[in-house]
Amino acid sequence: MRTFILLWLGQIASSVGSHMTYFALTLWVWQQTESATAVALILFFYQLPQIAIALFSGLLIDRVSRKTLLVLSDTGSACCTISVGILAIIQTLEVWHLYVIAAVIGSFGHIQSLTYTTIIPMLVPPEHHVQATGLGAMGGYSTSIFAPALAGVLYPLIGLFGITAIDMGTFAIAVLTLLLISIPNNNPADAVSKTTDADTSLWQTITFGFRYIFNHLQLRAMMIVFSCFVFLDQITETIYQPMILARTGSNTQLLGTLVAITGVGGLIGGAILTATGGFRNPKQSLLIGMLSVGLGKLIFGLGQGSVVWTSARLGASISEPMIFSTYTACWYAIVPVHIQGRAFAADHLIGLSVGALASLVAGPLADYVFEPAAQLINIDSVFNPGAGITLLYCLTALGIFAVGIMGRTQLPSLPSLRQDTNTTDINP
């Protein structure tokens, strides 16, 4: 666990800088356009290229040193980030530049995220997988506590170039920690050849992960339920910042507080998982988490004022680490280490496609469907301005709650996460 902790600390440092940059870009785009669609397109273009490279990234991760991939992907993302700062300081930055840069960063980010995910079972024993993913959730969410607040304070003072310079400093910390640790190679090339001897074409090789998932009842069922949750959850995450800005007269201070409180909730949820290991029954953990998130987001959408918004956001974010950590730990328990690159890449591709679709439709739905509908049914007096975005948000939250109920009957029994249940069978 010591090696994993050092890796984890380096990734936290890098994540702080990345979150600061993303929050600053959100503010910049909103100031330029005041459009929910323009803000949503940043996330869409970040996700779009990941769909294309996901077919090959799993094979790459199973064949190439995972430590090398982490260093290269972090370096590529850093170069893209500093380019934003340079364009900003010479005053030539435009919104479309951010879409292009987001697409490149997304490609490197996909490889970095997938590589990090598959490194965990190589460094951590099976009985601590939930704790390790809980620590990952703590790291990811804890950055949301400090990064938006820092960006909100520093952005007016140092601008985008200053924010990206800080991001570069945190990147240097992450790379230094990577160079200091040793990550086992596990002979990935040999493992890949053993699982692809029967395949006679490149297409069969790169689709191995998909065939593995769809031939495995537990993985297939989890993937379907989780994809439904991700689609709805991604819509709410895409539109909640424009919703708050619209309903508060562009109160960036309150928005920064809400983003930070999301980090507090995730940190609490991750700490609970790390300390307790979560529920023994992973199915129960997934469903309780989804129901809690749906209820918290519904209260957030219907609520008025900073107290209700922060409380609801806190409650929903506490439950999210339980969902994502349990889901990942189940995959660790089922999928052998030497094919996790391809299996996780296939799952990521499905998740990315679902998430990109949600990000793409969220802005236009809010601007061109629900805003006119809100005026038509005259609910502006309740939520004006931002009535249409709020209506979409609340209906989507209800959908998340319904997915939790649906999962109770659709999910099969899942392996206990308190023992080593990792299988070596690659043809279920």
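Predicted, not measured: the structure shown is a model, and the values here were computed from it. (Residues numbered from 1 in each chain as written. Predicted model: local features only at pLDDT ≥ 70, side-chain atom pairs only at ≥ 80, totals over all residues. Heavy atoms only, no water.)

### Some remarks on the packing of helix 2 (residues 36-63) against helix 4 (residues 95-123)
For the pair helix 2 and helix 4, the least separation of the axes is 7 Å and the interaxial angle reads 45 degrees. In terms of orientation, helix 2 and helix 4 fall into the oblique class. For the element pair helix 2 and helix 4, the recorded crossing hand is right-handed. Looking at the contact of helix 2 with helix 4 residue by residue, the classes come out as 16 nonpolar, nine polar and no charged. (Axes fitted to C-alpha atoms, helices over the stretch in contact; angles between N-to-C directions. Helix = DSSP H or I, 4+ residues; strand = E, 2+ residues; numbered from the N terminus. Parallel < 35°, antiparallel > 145°, perpendicular 65-115°, else oblique. Left-handed = near helix turned anticlockwise from the far one by under 90°. Nonpolar A, V, L, I, M, F, W, Y, C, P; charged D, E, K, R; others polar.)

### Things to note about the confidence of the model for the protein chain
Low pLDDT means the predicted atomic positions in that stretch should not be read closely. Looking at the protein chain as a whole, the pLDDT averages 80, with 89% of positions reaching at least 70. Under a pLDDT of 50 for its full length, residues 188-200 has, in the predicted model, 20 contacts with residues more than four places off or in other chains. Note on residues 420-428: pLDDT under 50 across the span, and 26 contacts to partners over four residues away in sequence or across chains. (pLDDT = per-residue confidence, 0-100. Contact = heavy atoms within 4.5 Å.)

### So, the pattern of salt bridges
Counting across every chain of the model gives four salt bridges. For Lys-297, the salt bridge is made with Asp-233, and the minimal N-O distance between the two is 2.5 Å. A residue pair is termed long-range when its members are at least 10 positions apart, and Lys-297 in helix 11 (residues 282-302) and Asp-233 in helix 9 (residues 217-247) qualify at 64 residues. The closest approach of N and O atoms between Lys-297 and Glu-237, which form a salt bridge, is 2.8 Å. Within this pair, whereas Lys-297 is found in helix 11, its partner Glu-237 is found in helix 9, the two being separated by 60 residues in sequence. Using a relative accessible area of 26% as the deciding quantity, one classes Glu-237 as partly exposed. Salt bridges here are not isolated pairs; linked through shared partners, they connect Asp-233, Glu-237, Lys-297, Arg-313 and Glu-320. (Salt bridge = Lys/Arg side-chain N within 4 Å of Asp/Glu carboxyl O. Buried < 20%, exposed > 50% of the residue type's maximum accessible area, 1.4 Å probe, protein only.)

### Re the side chain of Gln-234
Inspection of the secondary structure puts Gln-234 in helix 9. Each residue touching Gln-234, except ones within four places of it in the same chain, is listed here: Leu-43, Gln-47, Gly-355, Ala-358 and Ser-359.

### Details of the nonpolar core
For soluble globular proteins, nonpolar side chains are generally found buried alongside one another. In terms of nonpolar packing, the biggest core is built from 58 residues, with Phe-4, Leu-7, Leu-219, Met-222, Phe-229, Trp-331 and Val-335 touching the most fellow members. No other element matches helix 9, which puts nine residues into this core. Setting aside chain neighbours within four positions, we find Leu-7 in contact with Leu-70, Tyr-116, Ile-119, Leu-123, Leu-178 and Ile-181. Counting residues in each nonpolar core, the second largest holds 45 residues, with Leu-25, Ile-244, Leu-255 and Val-259 among its members. (Core = buried A, V, L, I, M, F, W, Y, C linked by side-chain atoms within 4.5 Å.)

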